[in-house]
Amino acid sequence: MGAPIQTLGELRAQSDRLRPVKQEIRDNLVRKLQAGDRLFPGIIGYEETVVPQLINAILSRHNFILLGLRGQAKSRILRGLIDLLDEQIPVVPGCEIHDNPLAPLCSACRARVAKQGDSLTIGWLPREARFVEKLATPDVTIADIVGDIDPIKAAQAGLNLSDELTMHYGLLPRANRGIFAINELPDLAGKIQVGLFNILQEGDVQIKGYPIRLKLDVMLVFTANPEDYTARGKIITPLKDRIGSEIRTHYPTTRVHAMVITNQEAWTERPDGLKV
Ligand SMILES: [Zn+2]
């Protein structure tokens, strides 16, 4: 890497590339495949079953869901996707939705870019900060996931409530230009799954009856335990149809794999020398 780029002008001079996150992940996967790098380190026994399906899903730029029982490394696989993001990406500093300086979404950033032009100082966001994870529980609200309207903010700034500047962003907008992982998707209330679907489909969402437009760029990944489908909840059909790949995980198929996993997960190197 050369000297780090510090202004919008320098960034523009180097690239005008606007690459959606799924394309970025795909490009990095292709590079790793060509280099023969090990994918998903720490995931054992999935080389011939789960990993090829993950590769297909990523190459197809799909949102995907992992279906499997407890302890089948579902969350670990999703966290492993972080390795497929660029090390860092340029952002408008301070923007809660990590706007791209080359094409900001929120009106605050658009105003900043219009005012400062090429002299705008840009920031760099590391890949670890681009993975947002949420365990779905029945009490999760639209405000948690998508956001809420802040009437006080609107009143103070003299804004209409449908202006996105009045919004208090939830987890999904904060995952813009990154990966949003929802564990145990069927536990998420149907209403919120509809909200997710609307964002996936239209980039639109209604909050308390006010339409807010958010053209987010997010890779959505989910996990679910098939046992819970009937017992606790379900995945609404329109959302299910937008999840491009369903990948089933499994317990180790050989004793060797099981032993390697047990070894990896066991805490045997105890610094105090005690055996308990
Ligand atoms: Zn912004």
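What you are looking at is a predicted structure, and each value in this text was computed from that prediction instead of being measured.

The rules behind the values
Here the residue numbering is sequential within each chain, running from 1 through the sequence in written order. Note on the predicted model: pLDDT of at least 70 is required for a residue's local features to be given, and 80 or more for side-chain atom pairs to be given and counted; whole-chain, interface and lining totals, by contrast, use all residues. Heavy atoms throughout the structure, all of them, feed into the side-chain values; hydrogens and water do not. Helix and strand assignments follow DSSP, with helices taken as H or I runs no shorter than four residues and strands as E runs no shorter than two, numbered in order from the N terminus. A 1.4 Å probe rolled over the protein chains alone gives each residue an accessible area, and that area as a share of the maximum for its type sets the label: buried under 20%, exposed over 50%, partly exposed in between. This count recognises Lys and Arg as positive and Asp and Glu as negative, with His and chain-terminal groups excluded. A charged residue contributes its charge at one atom only: NZ of Lys, CZ of Arg, CG of Asp or CD of Glu. Water is not part of the atom set, so a site may look incomplete; the donors themselves are N, O and S atoms within 2.8 Å of the metal, or 3.2 Å for Na, K and Ca. Square planar and octahedral assignments, for four and six donors respectively, both demand that opposite donors be over 155 degrees apart and that all other angles lie between 65 and 115; tetrahedral needs four donors with all angles between 85 and 135 degrees, and anything else is irregular. For two strands to pair, DSSP has to find at least two bridges joining them. Here an axis means a line fitted to C-alpha atoms, over the contact stretch when the element is a helix, while the angle between two N-to-C directions is reported on a 0 to 180 degree scale. By arc we mean the arc of the directions from the helix axis to the C-beta atoms, nothing more. The contact definition used throughout considers only heavy atoms, calling two residues in contact when any of these lie within 4.5 Å. The term nonpolar core refers to a set of buried residues drawn from Ala, Val, Leu, Ile, Met, Phe, Trp, Tyr and Cys, joined through side-chain atoms within 4.5 Å. Salt bridge, as used here, is a side-chain nitrogen of Lys or Arg placed within 4 Å of a carboxyl oxygen of Asp or Glu. Think of a polar contact as two N or O atoms within 3.5 Å of one another; within protein, one of them needs to be a possible hydrogen donor and the other a possible acceptor, and neighboring residues in sequence only count if both atoms come from side chains. Here is the rule for angles: anything less than 35 degrees is roughly parallel, anything more than 145 is roughly antiparallel, 65 through 115 is roughly perpendicular, and the remaining ranges are oblique. Following the grouping adopted for this structure description, the nonpolar residues are Ala, Val, Leu, Ile, Met, Phe, Trp, Tyr, Cys and Pro, the charged ones are Asp, Glu, Lys and Arg, and the polar ones are all others, Gly among them.

Peer 1: Before we move on, can you summarise the overall build of the protein with the specific residues and values?
Peer 2: Within the protein, the regular secondary structure consists of 12 helices and 11 strands. Counting every position in the protein, which comprises 276 residues, the buried fraction comes to 45%. Positive and negative charge centroids in the protein, built from 34 and 33 side chains respectively, lie 2 Å apart.

Peer 1: How would you sum up the coordination of the zinc ion? Please name residues and give values.
Peer 2: The protein atoms that coordinate the zinc ion are Cys95 (SG), Asp99 (OD), Cys106 (SG) and Cys109 (SG), at distances of 2.1 to 2.3 Å. Around the zinc ion sit four donor atoms; with metal-centred angles ranging over 99 to 130 degrees, the donor geometry is tetrahedral. All donors of the zinc ion belong to a single chain; written as a sequence motif, their spacing is C-x3-D-x6-C-x2-C. The exposure class assigned to Cys95 is buried, which follows from its relative accessible area of 11%.

Peer 1: Lay out the sheet that holds strand β4 (residues 131–135) with the relevant residues and their values.
Peer 2: Pairing in this open sheet of five strands is parallel, and the strands run β4-β7-β10-β1-β11 from one edge to the other. The open sheet terminates on both sides in strands that have one partner only, identified here as β4 and β11 (245–248). With strand direction ignored, the average angle separating the axes of adjacent strands in the sheet is 15 degrees.

Peer 1: Describe the pairing of strand β1 (residues 64–67), with residues and values.
Peer 2: Taking every second residue as pointing to the same face, both faces of β1 are buried, with Phe64 and Leu66 on one and Ile65 and Leu67 on the other. The sheet contact formed by β1 and strand β10 (residues 218–224) spans four bridges and is parallel. Residue pairing in the sheet places Phe64 in a bridge with Val221 of β10. One ladder, built from four bridges, connects β1 with β11; its direction is parallel. Bridging across to β11, Leu66 finds its partner in Ile247.

Peer 1: Outline the environment of Leu105, listing residues and values.
Peer 2: Checked against the element boundaries, Leu105 lands in the loop between β2 (88–91) and α5 (107–116). Looking at Leu105, the relative accessible area reads 26%, which means it is partly exposed. Considering only alpha carbons, one finds Leu105 and Leu54, 51 residues apart in sequence, at a separation of 30 Å.

Peer 1: Which residues make up helix α3 (residues 50–59), and what are the values?
Peer 2: For α3, the set of buried residues is Val50, Val51, Leu54, Ile55, Ala57 and Ile58. Relative to the axis of α3, the buried residues are bounded by an arc of 165 degrees and lie together on one face. The secondary structure elements touched by the buried residues of α3 are α2 (21–35), β1, α4 (74–80), β10 and β11. In the stretch just after α3, Arg61 is the one whose phi turns positive, near 55 degrees.

Peer 1: I'd like to hear about the nonpolar core, residue by residue, with values.
Peer 2: Formed by 40 residues in total, the largest nonpolar core has its most connected members in Leu172, Phe180 and Leu185. Every residue in contact with Leu185, bar those within four places of it in the chain, is listed here: Ile65, Ala136, Gln193, Phe222, Thr223, Ile235, Leu239 and Ile243. Phe40, Tyr46, Leu85 and Ile179 belong to the second largest nonpolar core, which has 27 residues in total.

Peer 1: Account for the environment of Asn263, naming residues and giving values.
Peer 2: As for its placement among the helices and strands, Asn263 is situated in helix α12 (residues 255–265). Residue class for Asn263 comes out exposed when judged on its relative accessible area of 59%. Sequence separation of Asn263 and Ala57 is 206 residues, and the distance between their C-alpha atoms is 30 Å.

Peer 1: Hey, could you go over the side chain of Lys22 for me, with residue numbers and the actual values?
Peer 2: Structurally, Lys22 can be placed in helix α2. Buried and unpaired, Lys22 has Asp217 as its nearest opposite-charge partner, separated by 6.9 Å. Within the structure, Lys22 has its side chain in polar contact with the side chain of Asn63 (distance 3.1 Å). With residues near it in sequence (within four places) discarded, Lys22 still touches Arg61, His62, Asn63, Val218 and Met219.

Peer 1: Explain the packing of α2 against α3 to me, using residue names and the numbers behind them.
Peer 2: As a packed pair, α2 and α3 sit with axes 9 Å apart at the nearest point and diverge in direction by 135 degrees. As judged from the angle between their axes, α2 and α3 are oblique. Every residue of α3 that contacts α2 at Ile25, Arg26, Leu29, Val30 and Leu33 is listed here: Ile55, Ile58 and Leu59. Tallied by class, residues from the contact of α2 with α3 come to seven nonpolar, no polar and one charged.

Peer 1: Describe unusual backbone geometry, listing the residues and the values that go with them.
Peer 2: Even without a glycine there, the phi angle at His98 is positive, about 50 degrees. Following the sequence through the fold, His98 ends up in the loop between β2 and α5. Unlike most non-glycine residues, Glu184 shows phi in positive territory, near 60 degrees. By secondary structure assignment, the location of Glu184 is in the loop between β7 (178–183) and α9 (190–202).

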